[in-house]
Amino acid sequence: MSSALGELAVRWPHIVSHPNPAARVWTLLSARIRTQRPVLPPLSDCPALQYDALVLHCLLDCSSSAAAEAMEQDPSNVRYVVCSAPTQSRTAVRCLVPVC
């Protein structure tokens with residue numbers, strides 16, 4: 001995680017100049033986490049968009065609108081991918097524990 005934070009620090013001027021800095025940060029962090037920490041089944045079967053929506057909405061308790069903004073998606077799309085996720089995936093994402 002510290003390497004991801006270092007990358008954020010290096011890219012900070014570019015990030016804050018973006019119209020949606022939170023989306024830039026989320027894109028960087030989610031990509032880094034997926035490459036450094038393998039995702040176990042049933043979440044490994046989720047497309048990246050669905051996984052991100054599940055983490056933001058179900059684990060981090062973001063509203064559909066807040067998750068959509070961070071993902072640069074329409075809120076209805078976030079609601080759809082969360083609702084269409086298998087029950088096992090929605091349950092599994094709630095059991096994830098952040099790595100320090």
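Note that the structure is predicted; figures quoted are calculated from it, not measured.

J.: Any details on unusual backbone geometry? Residues and values, ideally.
T.: Backbone geometry places Asp61, a non-glycine residue, at a positive phi of 60°. Along the chain, Asp61 falls in the loop between helix H3 (48-59) and helix H4 (64-71). Residue classification places Asp61 among the exposed positions, given a relative accessible area of 66%. Positive phi, normally seen in glycine, also occurs at Glu72, with a value near 55°. Structurally, the position occupied by Glu72 is in the loop between H4 and helix H5 (75-83).

J.: Describe the side chain of Asn20, with residues and values.
T.: Turning to its location among the elements, Asn20 is positioned in the loop between helix H1 (2-16) and helix H2 (21-36). Residue classification places Asn20 among the buried positions, given a relative accessible area of 14%. In terms of polar contacts, Asn20 uses its side chain to reach the backbone carbonyl oxygen of Glu69, at 2.7 Å. Residue contacts for Asn20: discarding those within four places in its chain leaves Glu69 and Glu72.

J.: How would you explain the pattern of salt bridges if you had to name every residue and give the values?
T.: Two side chains of opposite charge can pair, provided their charged atoms sit close to one another. Taken as a whole and judged by the stated rule, the model has 2 salt bridges. In this structure, Glu7 and Arg11 form a salt bridge, with 3.1 Å as the shortest nitrogen-oxygen distance. Taken together, the positions of Glu7 and Arg11, both in helix H1 and 4 residues apart, correspond to about one turn of that helix. In this structure, Glu72 engages Arg24 in a salt bridge whose closest nitrogen and oxygen atoms are separated by 2.6 Å. Highlighted residues: Glu72 in the loop between H4 and H5 and Arg24 in helix H2, separated in sequence by 48 residues. Judged by relative accessible area, Glu72 falls into the partly exposed class, the value being 41%.

Cut-offs and rules
- Residues numbered from 1 in each chain as written.
- Predicted model: local features only at pLDDT ≥ 70, side-chain atom pairs only at ≥ 80, totals over all residues.
- Heavy atoms only, no water.
- Helix = DSSP H or I, 4+ residues; strand = E, 2+ residues; numbered from the N terminus.
- Buried < 20%, exposed > 50% of the residue type's maximum accessible area, 1.4 Å probe, protein only.
- Polar contact = N/O pair within 3.5 Å; in protein donor to acceptor, adjacent residues only side chain to side chain.
- Contact = heavy atoms within 4.5 Å.
- Salt bridge = Lys/Arg side-chain N within 4 Å of Asp/Glu carboxyl O.

Function-wise, these values are silent; they only describe arrangement.
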